[in-house]
Each structure stands twice: as C-alpha cells, then as structure tokens.
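# Coordinates in review
Here's the letter readout for the chains.
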Number of protein chains: 2
Amino acid sequence: MKPAIPRLARYLPILDWGRSYGRDTFTSDMVAAVIVTIMLIPQSLAYALLAGLPAEMGLYASILPLVAYAIFGTSRALAVGPVAVVSLMTAAAIGKLGLASPAEYAAAAIVLAFLSGLVLLALGVFRLGFLANFLSHPVIAGFITASGILIATSQLKHILGISASGQNLVEIVGSLLENLGQINLPTAVVGAASVAFLFWVRKGLKPLLRAAGMGPRLADLLTKAGPVAAVAVTTLVTWAFGLHERGVAIVGTIPQGLPPLTLPRFDWELWSSLFGSAVLISIIGFVESVSVAQTLAAKRRQRIDPDQELIGLGASNIAASVSGGYPVTGGFARSVVNFDAGAETPAAGAFTAVGIALAALFLTPLLFFLPKATLAATIIVAVLSLVDFRILRHTWNYKRADFAAVSATIALTLIFGVETGVSAGVLLSILLYLYRSSRPHVAEVGLVPGTEHFRNIKRHQVRTVPSLVTLRIDENLYFANARFLEDYILNRVVEDRAVRDVVLMCSAVNEIDTSALESLEAINHRLREMGIRLHLSEVKGPVMDRLQRTDFLEHLTGQVFLSQYAAWRALNGEDAGEPGREAGPRAVPA
Amino acid sequence: MKPAIPRLARYLPILDWGRSYGRDTFTSDMVAAVIVTIMLIPQSLAYALLAGLPAEMGLYASILPLVAYAIFGTSRALAVGPVAVVSLMTAAAIGKLGLASPAEYAAAAIVLAFLSGLVLLALGVFRLGFLANFLSHPVIAGFITASGILIATSQLKHILGISASGQNLVEIVGSLLENLGQINLPTAVVGAASVAFLFWVRKGLKPLLRAAGMGPRLADLLTKAGPVAAVAVTTLVTWAFGLHERGVAIVGTIPQGLPPLTLPRFDWELWSSLFGSAVLISIIGFVESVSVAQTLAAKRRQRIDPDQELIGLGASNIAASVSGGYPVTGGFARSVVNFDAGAETPAAGAFTAVGIALAALFLTPLLFFLPKATLAATIIVAVLSLVDFRILRHTWNYKRADFAAVSATIALTLIFGVETGVSAGVLLSILLYLYRSSRPHVAEVGLVPGTEHFRNIKRHQVRTVPSLVTLRIDENLYFANARFLEDYILNRVVEDRAVRDVVLMCSAVNEIDTSALESLEAINHRLREMGIRLHLSEVKGPVMDRLQRTDFLEHLTGQVFLSQYAAWRALNGEDAGEPGREAGPRAVPA
C-alpha cells in the first residue's frame, strides 16, 4: 500500500470508506437517503422561512453541502443541512444590518455561509477545535432552550397571519400584541390545525401504530413523515378552497431547477460586520454537530475526528455559499433518522442530496399553494422539543455557578437576542471558573491517629502540634490564585507565635506556574523573617522536575518530603532517622 | 470596649494604630517623613513632567492623597504619591484624547484620578481585589520592563533639548530621530552630566561612603538624596550662567501656595473615554502597591488587608482629584526608604504631606531655574532600574507558556503602547491557562510490583492487564476539558477489543462541573454500548458529595473504589472478597 493514501485519507475520509463500498452498503444508504429526503423537504423550506430567506435557499442548502460533507466529513451518519438554531442566528446576524431589499438579504446570507466556512476550515486546519470547549454544557443547554422559545414565538406571526418582527422576546411579543387585531381567520385555522396535527403525530400516532401491530422502527419512521403529510394536505386544501385569496400566505413560486452558481459578494464592510456572527454560528454549529456525530459513532464503535469534522463542516458551508444556500450544520433529529434508517456511510448524505435536487427540479410547482402557516407549524413543533428547563433544576442541585451561567444565558438570550446571550454565557462561564480557581480550597490537615493518613482538621478527629501547620492545597497553583495563597498562609501564621514549621501538601497540585513560583519564593522569604521554615510534601514528578530547574529549592528554608507522613515524623521529633527527603544535588539540609 | 469600634476600625485603620500613638512613634515617623519629603520633591516634579502635566500637579498629588492613605490604608510603611508607570499610563490615557489646551489636559488628569478612585473604592467595597490576580507575575514583569524602556526613551527629548512625542517606541524613536538636528548643546550638557552624576551616586557613592567609615543605613539614605543634589546644583548653574537664555528649558513659575480645591469636570463623553484607562491604571497601581505593602508588612510580622488597601488607594485618588493632583499609588523605592528610615505608622505619610505642603508654599520660587533636563535625568535613572530582562530567561527555562506571555507583553507594550500591552498580556495569560487546562495531563497507570502504588506506564516498569485500562487524570474536570476527556477515553478503547473495564483515578480531581458530569455520563453510556464498564477510584470527599446529589452513580456501569489498589484487586480477580466500595444507598452492584 502506498504510504500517501493514509495521510491523504485523514483529510479525505472518503478514500477510507469509499474503497470498500459495495452493493449491500449501497442499498442501506439508499433506503436511509429516501427517508431523510422526505423529512428534509419541508424542513429545508421551513428553516429558510425562519432565516428570513426565500424558500428555495433552504433546498439549495440541502444539496451541495451534503455532497461536500460526504467527501470531507468523518461521521458515517451525520445529516447536514439547514437547522433551526443556526437559521435563527442567521436571521439575527443579517437582521441587524438593516438591509432593505430581499436580494441584499440573500447576498448577506451567502457571505455569512462563506465566512462561516472559512472560520470552520481555519479552526480545523490549525486544530483549534478545542476553542469550542469554552461553550460549557450548561451554556449550550440554556442557549438552545432560549433559542427554542425565541423561534417558536417568532413563528406565531405565520400561524396567526399577522406581521411581527424583532430579535428578542420583548420585541417579538410586543410586535405580536400590537398587530393582534389583524388576525387572519383562515390562516389561524390552517396554522392551529397543523400544530395540533403535528403534536398528535409526535405523541399519539406511534402508540396507535404499535397497537395496530406495526414494528417499532417502521412506526417511528412513519411518525417522522408527519410534516410531509401536513404539507400535502394543507397545500391541497388551500388550492381546493382558494384560501390564498382569503388571506392565507402561501409559498408561491419557487424557481424550478438546480442551485445557481453564486459567489459571495466581496464587500469589506459587509464581511467585517458579519465576521463576529460567523464565528458564533460556526462554533454553535460545530458543537451541536460534533456531539450528535460522537453519540452516533459510539453506538457502532466508530471514531470521529473533531478537527476533521471542522473541515467537513467548513467545506459544507463553502459549498452552501457557492450554490445559493446559507449556513448549515449537522442536524440532530435528521441524523438520528438517518442512523436508524440504516445509513452506513456518508454516501447516504450524497444520495439525499440527489433526492433534494430532484425535488428542486420537479416538485417545486406543487408547493405553490403550500401555506406558510404549515411550515411555521412544523418549526414550532420541532423546536419546542428543544425547550428543556430541567437544566435549571439540575444545575441548582449540582453546582450553583453552573446554575448562574445557565440562567444568565437563558435570560440574556431572551432579552437581548441570540448573539448577546451566547457571548455572555461563554464569558460568564470563563469568569466563574477563574473566580473559583482563584479562591482554591485549602485545608489545614492533621494525622488520623493510628494511620499514616492526613485529613482536614475541621472534618475529622486528628492529631496536630502547635509548632507545625500543614496545609493541603486542592488546586493548581497559578497566577489567579498565587496571591490568595500568600495572603492565606501569612494570615494563618502571622499572629500564631507557636508556629515553627509550615508544610504545604501538594498532592493535588498539577502545575505551579511562574507567578505561583514567585509567590512561593515570597512566602518562603517572609516566613524566614518570622523564623518559620517552609516545607513541601508529596510534590508530583513533573512539578518537581520544573522546580529543580530553578533556584527555589536552594533557597527553601525547609525540606521537600516524599510523603506527608515523613514530614510529620521528621518535624515532630517522632523519628530520629533520616526523613524521606527528595534526593538531588540541590538538596540542602534544613 | 464598644463593639462598634473594631468593626469601624476595619474601614478606618487609623482608629486601630491611632489609639496607642506615643512620643517614640512620633519621633520615628517624623524622621522618616523628613527623609521621604526630600526624596519626594524632585520625584513629584519629574513624574508630573512625565505625565505631561504642570510641575505643581506632582506636588499637589503628594499632599492630600498621603493624608487620605494615612486614614484609610492598612500598610504601616507604604508611601503613596505619583509613580513612574502610572504617570506614563496617565500620559497615554490623556494623550489619545487629542486635547488641545494644557488646561483641558490637566482637567482630564483630574477626572482620571477621580475615576480611578471610584474604581478602586468599588473594587474594595465589593471585595473584588481578586481581579488583580489576573495580572500574572510574568505579565507585570514584562509590562514594567517595557514601560521603563518607553519612559526612559520618552525622556531623551528633555535631555537633548529637542521636541518629540509618541505613545510607543516606534513613534518616540522616529520622532526623536526626526528632530535630532535641533539638539541644544547646553541642555545636552546639563542632561548628560545629571544622568552621569545620578548613575554614579547610585553605583559608586555608597561604597565610597562606607569606605570613609559611614554606617550602612546612613550611606544608603545619603545616596537617595542624589536627585536633590542634582536639582540644587543644576538650578544654581542655570541661574548663574543664564543657561535658560541659551535654550535650556526650565520649570519656570510654579504657583506658590497650597493645592487648589478642584472638582472633576462632569462630562459624560470624557468620563466614558477615560473609564477603560482608569480601570487599567487602578489595577496596575493596586498590584504594584499591594506587593510592596505586603513585603514590608511581613518584615515586621504585620498584616495588610488587600481589600482595605483598595479603599485606601481609592481614597487617595479621590483626594488627588479634589486637590489638583493626578492618579497616585504606593511607590516601591520611596516606601522602602520610608520603612528603612523607621516609619512606624501611616502618620509618617501625613507628616510627609506637611513637608510637601511647606515646599509648595515656600520652595517653589527657588525651583524657577530648575532645568527640565535634570528632572528627565532623575526619571531615566530611576526607571532603568525597573528594566529587567532576566524574566525572559527565567520563564524560558521554567515554563514556556509564561515566556510567551511575558515576551508578548513586552513586544506589544513597546510597539502599541502601555494600554494595549497590558491588556493583551492579561488576555494571553488567561487564554494560555485555559488552553493548558483544556488539554489536561492524563496518564495510563499500572501497579508498581510489590507495592500498592500506581505509576505512569510510560515512565515506570509496572504491571498491567489487557482487560483493564486505568487512567489518572491530573486536572480538574470542567467544561474546557470535558470534551477532551470524552475523545481521549473513546480513542483509547474504541479499537482495543480486549478492554472490559476502564477506571478513572480521580486523586487530583478537585472539581467536576456540570459539563464534565455530562461528559462522564456520555462516556459511561458510550462505553456501555461497547460492553465496557466505567469505574472511578480515589474520588475526593467534596466531589463525591456532589456526585451523590445526581443520578450519575445509579447509572454508572461500574463501581466507585476508595483506593486504586482496591479497584485493581477487584477487577483483576486477585481478591475474592468485597472490594473497597464507596458505601451509600445508591450503590449498585457492578
């Protein structure tokens, strides 16, 4: 085998699975593709509507991007395309530009997809996927829940047939209430019926089918066809009763044909004003996508490579931007359907693309009478399953700092919109973590009688001696807590004249950075002026290696003990022999 | 004793030391005050020059602020007033406003002192002093070194008698080179002679005095009077030879009298454009001041309270702003002099204030012929002692990430100026820390034969079994590294079909946040799908307490072992008895 192939295959996973592609795999992928195509048609149209874009852009975003992901992605079952949260973020990003014409709006969406693709590719090439980690789970959970509420609320206007706008809950609700008088009754009937039908399909249809003797997988897949049924029925009804002449907004003419070739408009001002949004969309999209991909891969003991996933999603977004689409990512519901339907390779995604392309070529005239209210209903039902406030109770019980992050994210997203909400959530998570680690847990410990173990004097009955203070530091020592340690130790000993020795027990210290080293030097120096010796115990290997590269150990007034018990025996006079001293050329007798 | 006193004394430390104030203390404080006054007069004038302000503002900043600190500060020996780095930052903050008239410039300095005072007071009242910890030692060291270079370079124009300006090294040097043709020879002679004299005083005078039989303390104090001698001699020479008529720039008329009562101009635009600078000045000033105060306090086994220090410095800056001064903080050199001269209480600072007030009342006419070149020389000699590149070598050897932070801080401060430099340094420190902790050290461990200890299989000869993977995680588990752990564990086991059990050894894990908990749940779930059990060992008390509040332990496929050795024995079949199981109602047999 040529050695070039595996290396190239890292960037082109298709070379890996493509070589062993056979008839059986083809059949499995084909079945999955047909099912996902049926599910994706109404979704694509609906999410384009949510993003404030013409319906066909949803279809275009579901063709080439899927092919690009099939070539560059590592997940075998991920189904990419337009998704709810990214569509909402697209609407927010472009909405704030205040563009007048729909053409400019569409052009901005194409630029956004292009920038988002560049950001994802850059993160992948430079292996910066770890940046996504700064979106903590609680922040994501809060953001998704708040986005779900925003999306559902924003779609109410289509259900009621009134006009409304806004980037946050206050604006949207205010705008809805203002225009409530203009409700269009036929629209409201179609909308409410669709919502009710879709909820029933989701909750009530499956038990019914099972009771009728249908297998669980087939029953599950049939319920996913609910939106298609709603689309078909309401389109027919609208056509038959001429509801569009009675005020029901319809999708109207969708250009028939394959996606046009588009190029992002090279406008520096537009690029710089969309760049921040593109970063947010990329990271949110990546985090959502990679967790779905990881969950599905583990089920079949497969591997995904997060950095290559960035490249796969980046290629998808570039593909979206050159074919009249808008930002895409891996969708949760449709990937699960793809997986359950038996997709074995990314080729299933490419086949889905063919399905959507056929729809764009031949089905669009049939969608002329499709009411926008039906699409809004499919969105509302889909996103309400994202809304989940249990994370609030869970974090409240488990960790209050996380509760603070999740509630701030929800509140700020609802009040100020998606971009402020998620940025504030990330910032708050980082600040809270730094705050916590800047005030580390320090326990004064004593010997558990009859053992060699040391425990917190506040929690346990332990032996101590007045001349010896032993402090166990339960945190890495670094700049954010270096000064805290100085204050803590000096405050402990400054007025306790009995103290002769201070031992820092370092069993949980994985790192001592330059700031902390200087603080230890300062502590050593100040304790010496008080006639107190400073010792260390249970220093980890890598930490000790570093310390030995400095002159800290030369100046240390006390010793470095291998174990806390050795320190206790040596400093307590219980042991006349040699203490368990860390050996080394720099060892200086106390 | 009334209980109100101690509580009030926390905010008014003067109530504490004031009660036992006696004649001996008075004498000590008085001697120190006289010496510091002599040192402070040229410094005040020089730093005002550096800040781009009229000389008298330096004197004013050395009167009321000292009284305010004496009332509210907790350090017994800290000497506050104008200092080099804060003066440079003041110049940078006001310089970027592009103000035309000197009066507006002075008004902006007063506003800056007021804002800085408010920021410090707010940080003190809300006990937010920990925020200063985010300035790591390497960033401070780099910043101080780069500032020293900037300051020294910026003063060259006064030494050479040419005009030059700029906020960063490139601008300053460019401007100097451009105007190099206009050198004023008499100025250059005075300037160069002053610099040479002051360097000689610093390096050569003390050994000479010691050799002549003078005691070390007196010799030390006399060398501190060097700047006063330079001021006196060059003023006399300028007056005698009429050098001011030959192009030597002199200080000129300094208004005679006590500080005027001033109020900060309430101009919203000015306030908002200076606010960011005020925050930076406050934090830099606080960090500098508190480390001097802490060093001196430890020498006498005294305590300082960092949060009260914020209040003391805040009060000083408010005092500066209402009495025609500009931002102040505790100075390093002068606090050491104050301490060495025997200052016992903050009253020494108040006495110094009286000394400076007397100077403002009676000495200013004598300073009419003082050449600016002499002041520039005192600044240059003072700040060059701040320049210290050893931090580069030290961090290079000790920790490369810290080296990156310090070199970036130096480079950015020199190239883009003080505000960009220090902000970038702080940001970089935080990012590097988060990056490091997002890729924690995970060691696969095995049993050291004949012991109960477990060590890294890469570093030691240890026993392992193919069905058991034990991973020791040397870091807290939180959102930034949660996903890393998922990837790491799954990559380790996904292609190793022999693995039946994975044990996470948590002896260095002080925290598991909600994100990490969800990752552990995901790991548990995914391992279960591969037929692998997940176990934990050596979980700390507080971490276990939290886990028991969730349903994680119910779903855990494996067990929680008290010690890693218990896990080894139980999972390895070496022990038929009961493993060292963590007891509890949620315990589920494996």
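Nothing here was measured: the structure is a model prediction, and the numbers come from that model. (Residues numbered from 1 in each chain as written. Chains lettered and ligands numbered in written order. Predicted model: local features only at pLDDT ≥ 70, side-chain atom pairs only at ≥ 80, totals over all residues.)

### Considering the overall build of chain A
Counting its secondary structure elements, chain A contains 25 helices and 8 strands. Judged by the C-alpha coordinates and their principal axes, chain A covers about 100 × 65 × 60 Å. In chain A, which comprises 590 residues, the proportion classed as buried is 53%. Across chain A, the fraction of contacts at a sequence separation of at least 24, relative to all contacts at a separation of at least 6, is 79%. (Helix = DSSP H or I, 4+ residues; strand = E, 2+ residues; numbered from the N terminus. Buried ≥ 20, exposed ≤ 12 C-beta atoms within 10 Å, placed from the backbone. Contact = placed C-beta atoms within 7 Å.)

### A short note on the interface of chain B and chain A
Taken together, the 51 residues of chain B in the interface contact 51 residues of chain A. Listed by contribution, the elements that provide at least two residues to the side of chain B that touches chain A are α8 (137-160), α13 (268-299), α18 (390-398), α20 (418-438), α21 (479-493) and α22 (514-529) of chain B. In terms of residue count, α21(B) provides more of the side of chain B that touches chain A than any other element does, 10 residues in total. For the side of chain B that touches chain A, the class distribution of residues is 19 nonpolar, 15 polar and 17 charged. (Nonpolar A, V, L, I, M, F, W, Y, C, P; charged D, E, K, R; others polar.)

### Digging into the relation of the copies chain B and chain A
Least-squares fitting of chain B to chain A yields an RMSD of 0.1 Å, with the superposition described by an axial translation of 0.0 Å and a rotation of 180°. Such a combination of rotation and displacement between the chain copies is what one expects of a two-fold axis. Among all C-alpha atoms of chain B, that of Ala508(B) lies closest to the rotation axis, at 2.3 Å. (Least-squares fit on C-alpha atoms with pLDDT ≥ 70 in both.)

### A short note on helix α5 (residues 64-72) of chain B
Most of α5(B) is tucked away, with 8 of its 9 residues classed as buried. When we look at burial in α5(B), the residues that qualify are Leu64(B), Pro65(B), Leu66(B), Val67(B), Ala68(B), Tyr69(B), Ala70(B) and Phe72(B).

### Some thoughts on the domain arrangement of chain A
Many analyses report the size of an interface as the accessible area lost when the parts associate. Under the domain assignment, chain A is made up of domain 1 (24-430) and domain 2 (442-571). For domain 1 of chain A and domain 2 of chain A, the distance between their C-alpha centres works out to 55 Å. (Domains from an automatic or database assignment.)

### Notes on the pairing of strand β5 (residues 468-473) of chain B
All names here are of chain B. One ladder, built from 3 bridges, connects strand β3 (residues 442-447) with β5; its direction is antiparallel. Within β5, the residue paired with Ala-443 across the bridge is Arg-472. Bridge analysis of β5 against strand β6 (residues 501-505) gives 5 bridges, and the strand direction is parallel. Note that in β6 the partner of Leu-468 across the bridge is Asp-501. Regarding topology, α21 serves as the crossover connection from β5 to the parallel β6, and that connection is right-handed. (Pairing = 2+ DSSP bridges. Right-handed = clockwise from strand over helix to strand, strands pointing away.)

### Here we look at the packing of helix α10 (residues 185-211) of chain A against helix α17 (residues 372-384) of chain A
All names here are of chain A. α17 packs onto α10 with a crossing angle of 35° between their chain directions and a minimal axis gap of 8 Å. α10 and α17 meet at a crossing whose hand is right-handed. Contacts between α10 and α17 involve Thr-187, Val-190, Gly-191, Ser-194, Val-195, Leu-198, Phe-199 and Arg-202 from the former and Ala-373, Thr-374, Ala-376, Ala-377, Thr-378, Ile-380 and Val-381 from the latter. For the contact of α10 with α17, the residue count by class is 9 nonpolar, 5 polar and 1 charged. (Axes fitted to C-alpha atoms, helices over the stretch in contact; angles between N-to-C directions. Left-handed = near helix turned anticlockwise from the far one by under 90°.)

### Structural notes on the nonpolar core
Within the largest apolar cluster, 377 residues are counted, with the highest numbers of intra-cluster contacts made by Ala109(A), Leu112(A), Ala109(B) and Leu112(B). Those residues in contact with Leu112(B) that sit more than four places away from it in its chain are Thr90(B), Ala93(B), Ile94(B), Leu274(B), Ser277(B), Ala278(B), Tyr326(B) and Pro327(B). (Core = buried A, V, L, I, M, F, W, Y, C linked by C-beta atoms within 7 Å.)

### Some words on helix α7 (residues 102-125) of chain B
Taking 1.5 Å of rise per residue, the 24 residues of α7(B) would be expected to cover 34 Å, and the 35 Å separating its terminal C-alpha atoms lies within 8% of that figure. Phi for Arg127(B), located one or two positions after α7(B), is positive at around 50°. (Expected span 1.5 Å × (residues − 1).)

### What about the packing of helix α5 (residues 64-72) of chain A against helix α14 (residues 306-322) of chain A?
Residue and element names in this part refer to chain A. At their nearest, the axes of α5 and α14 sit 8 Å apart, and the two run at 155° to each other. Between α5 and α14, the crossing angle belongs to the class labelled roughly antiparallel. Relative to α14, the crossing made by α5 is right-handed. For the pair α5 and α14, the contacting residues are Leu-64, Pro-65, Val-67, Ala-68, Tyr-69 and Phe-72 in the first and Ile-311, Gly-312, Ala-315, Ser-316, Asn-317, Ala-319 and Ala-320 in the second. Here the contact of α5 with α14 is composed, by residue class, of 10 nonpolar, 3 polar and no charged. (Parallel < 35°, antiparallel > 145°, perpendicular 65-115°, else oblique.)

### A short note on the confidence of the model for chain A
Residue and element names in this part refer to chain A. Residues with a pLDDT of 70 or more make up 96% of chain A, whose mean pLDDT is 87. Below a pLDDT of 50 lies the segment residues 1-5, which in the model reaches 1 contact outside its immediate sequence neighbourhood of four places, other chains included. Counted against residues more than four places away or in other chains, residues 575-590, with its pLDDT under 50, gives 26 contacts. Both scores are given for the predicted complex: the pTM is 0.71, the ipTM 0.72. (pLDDT = per-residue confidence, 0-100.)

### Some points on the sheet that holds strand β4 (residues 454-456) of chain A
Read across the sheet, 6 strands follow the order β4-β3-β5-β6-β7-β8 (chain A) without closing on themselves; strand pairing throughout is mixed. In this open sheet, the two strands that pair with only one neighbour each are β4 and β8 (560-561) of chain A.

### A few points about unusual backbone geometry
If a residue is not glycine, its phi is most likely negative; likewise, a peptide bond is most likely trans. Residue Glu538(A) is not a glycine yet carries a positive backbone phi of 55°. You can call Glu538(A) buried: it has 21 C-beta atoms within 10 Å.

### Observations regarding the sheet that holds strand β4 (residues 454-456) of chain B
Residues and elements named next belong to chain B. Across the sheet, 6 strands lie side by side as β4-β3-β5-β6-β7-β8; this open sheet has mixed pairing. What marks the edges here is a single partner per strand, and that holds for β4 and β8 (560-561). Contacting β3, β5 and β6, α21 crosses the sheet at an angle of about 160° to β5.

### Re the environment of Leu280(A)
Residues and elements named next belong to chain A. Position of Leu-280 relative to the elements: it lies in helix α13 (residues 268-299). Residue classification places Leu-280 among the buried residues on the basis of 22 C-beta atoms within 10 Å. Taking the C-alpha atoms as reference, Leu-280 lies 8.1 Å from Ser-423; in sequence the two are 143 residues apart. With sequence-adjacent residues up to four places away left out, Leu-280 is seen in contact with Met-89, Glu-419 and Val-422.

### Overview of the environment of Ala46(A)
Residue and element names in this part refer to chain A. Looking at the secondary structure, you find Ala-46 in helix α3 (residues 23-50). Residue class for Ala-46 comes out buried when judged on the 28 C-beta atoms lying within 10 Å of it. Once the C-alpha coordinates of Ala-46 and Lys-372 are considered, the two residues, 326 residues apart in sequence, prove to be 8.1 Å apart. Setting aside residues no more than four positions away along its own chain, Ala-46 makes contact with Leu-375, Thr-378 and Ile-379.

### Brief notes about the environment of Ile110(A)
Residue and element names in this part refer to chain A. Structurally, Ile-110 is set in helix α7 (residues 102-125). The spacing of Ile-110 and Pro-264 is 154 residues in sequence and 5.8 Å in space, taken between C-alpha atoms. Not counting the four nearest positions on each side in its chain, Ile-110 is found in contact with Thr-262, Pro-264, Ser-321 and Tyr-326.

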